[in-house]
Amino acid sequence: MKLLLQEIHDKAKNEVKDVFELKNLKDLRVKYLGKKGEITQILKNLNTVGSDERPEIGKIANIVRSDLESLIAQKEKELEDKILTERLESERIDVTIKNKRVKPANLHPLTIVTRELEDIFLGMGFEIASGPEIETVYNNFDALNTPLNHPSRDLEDTFYINNNIVLRTQTSSVQIRTMRDKKPPIKVISPGRVYRSDDVDATHSPVFHQLEGLVVDKDISMSDLKWTLETFIKKLYGQDIKIRFRPHYFPFTEPSAEIDISCFVCGGKGCRVCKGEGFIEILGAGLVHPNVLKNCGIDPEIYSGFAFGMGLDRIVMRRFNIDDLRLLYDNDIRFLSQF
Ligand code: DAH
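Since the model is a prediction, treat every value here as computed from it, not as a measurement.

**A short note on helix H4 (residues 54-90)**
Right, so step 1: An ideal rise of 1.5 Å per residue puts 54 Å on 37 residues; H4 measures up with 53 Å between its terminal C-alpha atoms.
Right, so step 2: Those residues of H4 lying buried are Ile-57, Gly-58, Ala-61, Val-64, Leu-68, Ile-72, Lys-75 and Leu-79.
Right, so step 3: On its buried face, H4 sits against helix H1 (2-17), helix H2 (22-33) and helix H3 (38-44).

Okay, here's the thing in C-alpha coordinates:
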(Lines give C-alpha, C1' and ligand atoms only; values in the text may rest on other atoms or scores of the structure.)
Protein backbone atom coordinates (compact mmCIF):
# COMPACT_ATOMS: atom_id res chain seq x y z
CA MET A 1 0.00 0.00 0.00
CA LYS A 2 2.83 2.34 0.85
CA LEU A 3 4.36 1.50 -2.50
CA LEU A 4 1.12 2.19 -4.30
CA LEU A 5 0.86 5.58 -2.62
CA GLN A 6 4.44 6.32 -3.61
CA GLU A 7 3.67 5.42 -7.22
CA ILE A 8 0.55 7.52 -7.32
CA HIS A 9 2.43 10.41 -5.78
CA ASP A 10 5.24 10.25 -8.37
CA LYS A 11 2.86 9.83 -11.28
CA ALA A 12 0.70 12.71 -10.13
CA LYS A 13 3.70 15.00 -9.62
CA ASN A 14 4.91 14.32 -13.18
CA GLU A 15 1.52 14.83 -14.68
CA VAL A 16 1.06 18.13 -12.87
CA LYS A 17 4.47 19.23 -14.05
CA ASP A 18 3.60 18.53 -17.68
CA VAL A 19 0.26 20.35 -17.70
CA PHE A 20 -0.05 23.50 -19.85
CA GLU A 21 -3.76 24.15 -19.77
CA LEU A 22 -5.90 25.15 -16.81
CA LYS A 23 -8.56 22.74 -18.00
CA ASN A 24 -6.20 19.75 -17.89
CA LEU A 25 -5.08 20.76 -14.42
CA LYS A 26 -8.68 20.67 -13.29
CA ASP A 27 -9.01 17.16 -14.69
CA LEU A 28 -5.93 16.09 -12.75
CA ARG A 29 -7.36 17.46 -9.52
CA VAL A 30 -10.50 15.40 -10.09
CA LYS A 31 -8.46 12.36 -11.02
CA TYR A 32 -6.46 12.35 -7.77
CA LEU A 33 -8.26 14.44 -5.22
CA GLY A 34 -11.89 14.41 -6.38
CA LYS A 35 -14.60 12.42 -4.61
CA LYS A 36 -13.63 9.35 -6.60
CA GLY A 37 -10.00 10.36 -6.96
CA GLU A 38 -7.20 7.91 -6.45
CA ILE A 39 -5.95 9.41 -3.16
CA THR A 40 -9.48 9.92 -1.87
CA GLN A 41 -10.21 6.27 -2.59
CA ILE A 42 -7.25 5.13 -0.57
CA LEU A 43 -8.24 7.33 2.37
CA LYS A 44 -11.78 6.01 2.16
CA ASN A 45 -10.65 2.41 2.10
CA LEU A 46 -8.25 2.69 5.02
CA ASN A 47 -10.42 0.24 6.93
CA THR A 48 -9.33 -2.53 4.57
CA VAL A 49 -5.75 -1.99 5.69
CA GLY A 50 -4.44 -3.93 8.63
CA SER A 51 -4.83 -1.93 11.86
CA ASP A 52 -1.06 -1.89 12.57
CA GLU A 53 -0.31 -0.30 9.18
CA ARG A 54 -3.39 1.93 9.10
CA PRO A 55 -2.03 4.98 11.04
CA GLU A 56 1.11 5.15 8.97
CA ILE A 57 -0.69 4.66 5.63
CA GLY A 58 -3.26 7.25 6.67
CA LYS A 59 -0.53 9.66 7.56
CA ILE A 60 1.33 9.14 4.28
CA ALA A 61 -1.88 9.41 2.26
CA ASN A 62 -2.68 12.73 3.94
CA ILE A 63 0.80 14.03 3.25
CA VAL A 64 0.53 12.99 -0.40
CA ARG A 65 -2.88 14.64 -0.65
CA SER A 66 -1.77 17.94 0.80
CA ASP A 67 1.40 17.88 -1.27
CA LEU A 68 -0.64 17.36 -4.45
CA GLU A 69 -3.06 20.05 -3.40
CA SER A 70 -0.33 22.58 -3.01
CA LEU A 71 1.43 21.48 -6.23
CA ILE A 72 -1.81 21.87 -8.16
CA ALA A 73 -2.51 25.26 -6.54
CA GLN A 74 0.96 26.41 -7.41
CA LYS A 75 0.64 25.23 -11.00
CA GLU A 76 -2.72 26.90 -11.26
CA LYS A 77 -1.22 30.24 -10.29
CA GLU A 78 1.64 29.77 -12.74
CA LEU A 79 -0.76 29.09 -15.61
CA GLU A 80 -2.97 32.03 -14.70
CA ASP A 81 0.03 34.34 -14.55
CA LYS A 82 1.15 33.09 -17.93
CA ILE A 83 -2.26 33.77 -19.49
CA LEU A 84 -2.33 37.25 -18.02
CA THR A 85 1.15 38.05 -19.27
CA GLU A 86 0.29 36.82 -22.73
CA ARG A 87 -2.84 38.94 -22.79
CA LEU A 88 -1.04 42.04 -21.60
CA GLU A 89 1.61 41.44 -24.22
CA SER A 90 -0.84 41.02 -27.05
CA GLU A 91 -3.00 43.96 -26.05
CA ARG A 92 -0.16 46.31 -25.43
CA ILE A 93 -0.41 49.71 -27.10
CA ASP A 94 2.85 51.23 -28.10
CA VAL A 95 2.23 54.91 -27.59
CA THR A 96 5.58 55.75 -29.10
CA ILE A 97 4.85 54.07 -32.43
CA LYS A 98 4.99 56.46 -35.37
CA ASN A 99 1.62 57.64 -36.66
CA LYS A 100 0.72 57.33 -40.31
CA ARG A 101 1.33 60.85 -41.46
CA VAL A 102 -1.93 62.67 -42.10
CA LYS A 103 -1.38 65.52 -44.48
CA PRO A 104 -3.02 68.66 -43.15
CA ALA A 105 -5.76 69.94 -45.43
CA ASN A 106 -5.28 73.15 -47.34
CA LEU A 107 -7.73 75.82 -48.38
CA HIS A 108 -9.58 75.70 -51.68
CA PRO A 109 -8.19 78.30 -54.11
CA LEU A 110 -11.60 80.04 -54.08
CA THR A 111 -11.41 80.33 -50.31
CA ILE A 112 -7.85 81.64 -50.47
CA VAL A 113 -8.81 84.41 -52.88
CA THR A 114 -12.09 85.22 -51.11
CA ARG A 115 -10.21 85.69 -47.84
CA GLU A 116 -7.64 87.86 -49.58
CA LEU A 117 -10.37 90.13 -50.97
CA GLU A 118 -12.13 90.20 -47.62
CA ASP A 119 -8.87 91.30 -46.01
CA ILE A 120 -8.46 94.15 -48.46
CA PHE A 121 -12.02 95.39 -47.94
CA LEU A 122 -11.97 94.95 -44.17
CA GLY A 123 -8.83 97.10 -44.23
CA MET A 124 -10.88 99.77 -46.01
CA GLY A 125 -13.58 99.74 -43.33
CA PHE A 126 -16.09 97.37 -44.92
CA GLU A 127 -18.06 94.76 -42.99
CA ILE A 128 -19.04 91.34 -44.31
CA ALA A 129 -22.73 90.65 -44.95
CA SER A 130 -24.35 87.44 -46.09
CA GLY A 131 -27.63 86.22 -47.50
CA PRO A 132 -29.21 82.91 -48.49
CA GLU A 133 -28.54 81.15 -51.79
CA ILE A 134 -32.23 80.28 -52.04
CA GLU A 135 -33.75 83.70 -52.50
CA THR A 136 -37.07 85.33 -53.27
CA VAL A 137 -37.73 86.58 -56.79
CA TYR A 138 -38.50 89.87 -55.10
CA ASN A 139 -35.03 90.24 -53.54
CA ASN A 140 -33.21 88.82 -56.54
CA PHE A 141 -35.04 90.88 -59.22
CA ASP A 142 -37.98 93.13 -58.26
CA ALA A 143 -36.42 95.08 -55.41
CA LEU A 144 -33.35 95.52 -57.59
CA ASN A 145 -35.46 97.45 -60.07
CA THR A 146 -35.25 94.70 -62.69
CA PRO A 147 -37.98 95.13 -65.33
CA LEU A 148 -40.42 92.22 -65.70
CA ASN A 149 -39.21 91.63 -69.24
CA HIS A 150 -35.51 91.66 -68.37
CA PRO A 151 -33.76 88.66 -70.00
CA SER A 152 -32.01 87.68 -66.74
CA ARG A 153 -35.42 86.60 -65.37
CA ASP A 154 -35.79 84.08 -68.15
CA LEU A 155 -36.29 80.42 -67.28
CA GLU A 156 -33.37 79.74 -69.58
CA ASP A 157 -31.07 81.70 -67.32
CA THR A 158 -32.45 81.31 -63.83
CA PHE A 159 -33.20 78.25 -61.70
CA TYR A 160 -36.75 78.73 -60.41
CA ILE A 161 -37.85 76.66 -57.40
CA ASN A 162 -41.35 78.06 -57.85
CA ASN A 163 -42.85 81.33 -59.11
CA ASN A 164 -41.53 83.25 -56.12
CA ILE A 165 -38.31 81.48 -55.20
CA VAL A 166 -35.06 81.15 -57.16
CA LEU A 167 -31.48 80.08 -56.62
CA ARG A 168 -30.00 83.57 -56.45
CA THR A 169 -28.43 84.63 -59.73
CA GLN A 170 -26.35 87.41 -58.18
CA THR A 171 -25.09 88.47 -54.77
CA SER A 172 -26.87 91.81 -55.41
CA SER A 173 -29.83 90.38 -53.48
CA VAL A 174 -27.74 90.86 -50.32
CA GLN A 175 -27.86 94.63 -51.02
CA ILE A 176 -31.62 94.49 -50.51
CA ARG A 177 -31.42 92.46 -47.31
CA THR A 178 -28.73 94.71 -45.89
CA MET A 179 -30.56 97.96 -46.64
CA ARG A 180 -33.81 96.64 -45.18
CA ASP A 181 -32.05 95.49 -41.98
CA LYS A 182 -29.72 98.44 -41.40
CA LYS A 183 -29.96 102.16 -41.71
CA PRO A 184 -27.10 104.13 -43.33
CA PRO A 185 -24.19 104.51 -43.06
CA ILE A 186 -23.78 101.12 -44.72
CA LYS A 187 -20.45 99.77 -45.95
CA VAL A 188 -20.52 96.05 -46.68
CA ILE A 189 -19.16 93.41 -49.00
CA SER A 190 -20.81 90.07 -49.54
CA PRO A 191 -18.98 87.17 -51.15
CA GLY A 192 -20.97 84.06 -52.01
CA ARG A 193 -22.20 81.40 -54.35
CA VAL A 194 -24.63 82.16 -57.17
CA TYR A 195 -26.44 80.06 -59.77
CA ARG A 196 -27.34 80.39 -63.43
CA SER A 197 -28.54 77.76 -65.80
CA ASP A 198 -25.40 77.62 -67.92
CA ASP A 199 -23.93 74.56 -69.58
CA VAL A 200 -20.59 73.49 -68.16
CA ASP A 201 -17.48 74.31 -70.15
CA ALA A 202 -14.00 75.69 -69.53
CA THR A 203 -15.36 79.14 -68.70
CA HIS A 204 -18.96 78.45 -67.59
CA SER A 205 -20.51 76.69 -64.65
CA PRO A 206 -24.09 76.72 -63.29
CA VAL A 207 -22.52 77.44 -59.91
CA PHE A 208 -20.04 80.25 -59.51
CA HIS A 209 -19.03 82.98 -57.09
CA GLN A 210 -19.43 86.71 -56.81
CA LEU A 211 -18.43 89.42 -54.42
CA GLU A 212 -20.85 92.29 -53.97
CA GLY A 213 -20.09 95.67 -52.45
CA LEU A 214 -22.48 98.33 -51.17
CA VAL A 215 -21.90 101.73 -49.61
CA VAL A 216 -24.82 103.98 -48.62
CA ASP A 217 -24.44 107.28 -46.81
CA LYS A 218 -25.05 111.00 -47.28
CA ASP A 219 -23.21 112.56 -50.26
CA ILE A 220 -21.91 109.38 -51.84
CA SER A 221 -20.86 110.04 -55.42
CA MET A 222 -19.20 108.46 -58.42
CA SER A 223 -15.82 109.71 -57.19
CA ASP A 224 -16.18 107.61 -54.00
CA LEU A 225 -16.90 104.59 -56.16
CA LYS A 226 -13.91 105.32 -58.37
CA TRP A 227 -11.50 105.80 -55.48
CA THR A 228 -12.70 102.66 -53.71
CA LEU A 229 -12.42 100.42 -56.76
CA GLU A 230 -9.07 101.84 -57.86
CA THR A 231 -7.66 101.36 -54.37
CA PHE A 232 -8.98 97.81 -54.25
CA ILE A 233 -7.75 96.85 -57.73
CA LYS A 234 -4.27 98.25 -57.09
CA LYS A 235 -4.03 96.39 -53.80
CA LEU A 236 -4.98 93.20 -55.63
CA TYR A 237 -3.00 93.59 -58.86
CA GLY A 238 -0.28 96.11 -58.03
CA GLN A 239 0.19 99.83 -58.59
CA ASP A 240 1.03 99.53 -62.29
CA ILE A 241 -2.31 98.15 -63.37
CA LYS A 242 -4.33 100.38 -65.72
CA ILE A 243 -8.02 100.78 -64.94
CA ARG A 244 -10.79 101.77 -67.34
CA PHE A 245 -14.38 102.77 -66.53
CA ARG A 246 -16.85 102.13 -69.35
CA PRO A 247 -20.50 103.24 -69.36
CA HIS A 248 -22.90 100.32 -69.07
CA TYR A 249 -26.45 99.46 -68.05
CA PHE A 250 -27.60 97.65 -64.91
CA PRO A 251 -31.19 97.96 -63.68
CA PHE A 252 -30.12 98.61 -60.08
CA THR A 253 -27.58 101.38 -60.69
CA GLU A 254 -27.73 104.76 -62.42
CA PRO A 255 -25.28 105.68 -63.82
CA SER A 256 -23.70 102.25 -64.33
CA ALA A 257 -20.24 101.26 -65.46
CA GLU A 258 -18.16 98.26 -66.27
CA ILE A 259 -14.60 98.35 -65.03
CA ASP A 260 -11.74 96.87 -67.03
CA ILE A 261 -8.13 96.31 -66.09
CA SER A 262 -5.14 96.15 -68.41
CA CYS A 263 -4.58 92.65 -69.76
CA PHE A 264 -2.37 90.61 -67.46
CA VAL A 265 -0.90 88.76 -70.43
CA CYS A 266 0.03 91.58 -72.84
CA GLY A 267 -0.10 94.49 -70.40
CA GLY A 268 -2.43 96.49 -72.67
CA LYS A 269 -0.98 95.97 -76.17
CA GLY A 270 -3.69 93.56 -77.24
CA CYS A 271 -3.44 89.79 -77.47
CA ARG A 272 -5.49 86.61 -77.78
CA VAL A 273 -6.51 86.55 -74.13
CA CYS A 274 -7.95 90.10 -74.19
CA LYS A 275 -9.16 89.59 -77.78
CA GLY A 276 -7.01 92.45 -79.00
CA GLU A 277 -8.61 94.90 -76.54
CA GLY A 278 -5.69 95.32 -74.19
CA PHE A 279 -8.24 95.34 -71.36
CA ILE A 280 -10.29 92.73 -69.52
CA GLU A 281 -13.61 93.39 -67.80
CA ILE A 282 -13.55 92.51 -64.10
CA LEU A 283 -16.58 94.09 -62.49
CA GLY A 284 -19.83 95.99 -62.79
CA ALA A 285 -20.70 98.98 -60.65
CA GLY A 286 -22.69 102.18 -60.37
CA LEU A 287 -24.61 104.51 -58.10
CA VAL A 288 -27.50 102.75 -56.41
CA HIS A 289 -30.72 103.50 -58.33
CA PRO A 290 -33.14 105.71 -56.31
CA ASN A 291 -35.87 103.07 -56.82
CA VAL A 292 -33.70 100.46 -55.09
CA LEU A 293 -33.15 102.76 -52.11
CA LYS A 294 -36.91 103.45 -51.96
CA ASN A 295 -37.72 99.72 -52.14
CA CYS A 296 -35.64 99.30 -49.00
CA GLY A 297 -37.14 102.23 -47.10
CA ILE A 298 -34.19 104.58 -47.57
CA ASP A 299 -34.95 108.14 -48.72
CA PRO A 300 -33.00 108.86 -51.96
CA GLU A 301 -33.37 112.60 -51.30
CA ILE A 302 -31.19 112.21 -48.20
CA TYR A 303 -28.99 109.24 -49.00
CA SER A 304 -27.08 107.97 -51.99
CA GLY A 305 -24.84 105.01 -52.52
CA PHE A 306 -22.66 102.99 -54.82
CA ALA A 307 -22.55 99.28 -55.48
CA PHE A 308 -20.32 96.89 -57.34
CA GLY A 309 -20.21 93.21 -58.17
CA MET A 310 -17.44 90.99 -59.46
CA GLY A 311 -17.01 87.37 -60.44
CA LEU A 312 -14.61 85.59 -58.09
CA ASP A 313 -13.90 82.52 -60.18
CA ARG A 314 -12.16 84.47 -62.90
CA ILE A 315 -10.02 86.28 -60.34
CA VAL A 316 -9.02 82.91 -58.91
CA MET A 317 -8.22 81.51 -62.35
CA ARG A 318 -6.06 84.50 -63.20
CA ARG A 319 -4.36 84.45 -59.82
CA PHE A 320 -3.30 80.79 -60.04
CA ASN A 321 -3.04 80.51 -63.82
CA ILE A 322 -5.90 78.02 -64.05
CA ASP A 323 -7.24 77.70 -67.58
CA ASP A 324 -10.31 75.57 -66.92
CA LEU A 325 -13.07 76.64 -64.53
CA ARG A 326 -14.18 73.04 -64.05
CA LEU A 327 -11.02 72.32 -62.05
CA LEU A 328 -12.42 74.50 -59.26
CA TYR A 329 -15.48 72.28 -58.93
CA ASP A 330 -14.20 68.75 -59.67
CA ASN A 331 -12.76 68.31 -56.18
CA ASP A 332 -9.78 66.40 -57.49
CA ILE A 333 -7.42 66.19 -54.55
CA ARG A 334 -4.36 66.11 -56.86
CA PHE A 335 -5.38 69.51 -58.18
CA LEU A 336 -6.54 71.01 -54.90
CA SER A 337 -3.49 70.00 -52.88
CA GLN A 338 -1.28 72.29 -54.99
CA PHE A 339 -2.49 75.46 -53.29
N1 DAH B 1 -25.12 91.72 -60.29
C2 DAH B 1 -24.35 92.01 -61.47
C3 DAH B 1 -24.14 90.71 -62.25
O4 DAH B 1 -24.38 89.67 -61.74
C5 DAH B 1 -23.02 92.58 -61.09
C6 DAH B 1 -23.18 93.98 -60.57
C7 DAH B 1 -23.15 95.06 -61.42
C8 DAH B 1 -23.38 94.20 -59.22
C9 DAH B 1 -23.31 96.34 -60.98
C10 DAH B 1 -23.53 95.50 -58.74
C11 DAH B 1 -23.49 96.56 -59.64
O12 DAH B 1 -23.73 95.78 -57.47
O13 DAH B 1 -23.64 97.83 -59.17
O14 DAH B 1 -23.75 90.79 -63.39
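That shown, we press on.
**Side note on the state of the cysteines**
Right, so step 1: For the structure on display, the rule yields 0 disulfides.
Right, so step 2: Distance from the sulfur of Cys-266, which forms no disulfide, to the nearest cysteine sulfur (Cys-274) is 3.7 Å.
Right, so step 3: What makes Cys-266 buried here is its relative accessible area of 15%.
Right, so step 4: Here Cys-271 stays unpaired: no disulfide links it, and the sulfur of Cys-263, its closest cysteine neighbor, is 3.7 Å away.

**Examining the site of the ligand**
Right, so step 1: If you check the shell around the ligand, you find 15 residues, and the closest are Gln-170, Ser-172, Arg-196, Gln-210 and Glu-212.
Right, so step 2: At 2.9 Å from a nitrogen atom of the ligand is found a side-chain nitrogen or oxygen belonging to Ser-172.
Right, so step 3: Relative to its unbound accessible area of 350 Å², the ligand is 89% covered by the protein chains.
Right, so step 4: In terms of residue class, the shell around the ligand is made up of 5 nonpolar, 8 polar and 2 charged.

**Quick word on the packing of aromatic side chains**
Right, so step 1: What the rule picks out here adds up to 8 aromatic pairs.
Right, so step 2: Taken together, a centroid distance of 5.2 Å and an interplanar angle of 75° make the contact between Phe-121 and Phe-126 edge-to-face. Across the pair, Phe-126 and Phe-121 agree in class, each one buried.
Right, so step 3: Ring geometry for Phe-335 and Phe-339: centres 5.1 Å apart, planes at 70°, overall edge-to-face.
Right, so step 4: Residue class for Phe-335 comes out buried when judged on its relative accessible area of 11%.
Right, so step 5: For Phe-339, a relative accessible area of 24% translates into the label partly exposed.

About the cut-offs
Residues numbered from 1 in each chain as written. Predicted model: local features only at pLDDT ≥ 70, side-chain atom pairs only at ≥ 80, totals over all residues. Heavy atoms only, no water. Helix = DSSP H or I, 4+ residues; strand = E, 2+ residues; numbered from the N terminus. Expected span 1.5 Å × (residues − 1). Buried < 20%, exposed > 50% of the residue type's maximum accessible area, 1.4 Å probe, protein only. Contact = heavy atoms within 4.5 Å. Disulfide = S-S within 2.5 Å. Near = heavy atom within 4 Å. Polar contact = N/O pair within 3.5 Å; in protein donor to acceptor, adjacent residues only side chain to side chain. Areas by Shrake-Rupley, 256 points an atom, 1.4 Å probe, with all protein chains shown as cover. Nonpolar A, V, L, I, M, F, W, Y, C, P; charged D, E, K, R; others polar. Phe/Tyr/Trp six-rings, centres within 6.5 Å; stacked < 30°, edge-to-face > 60°.

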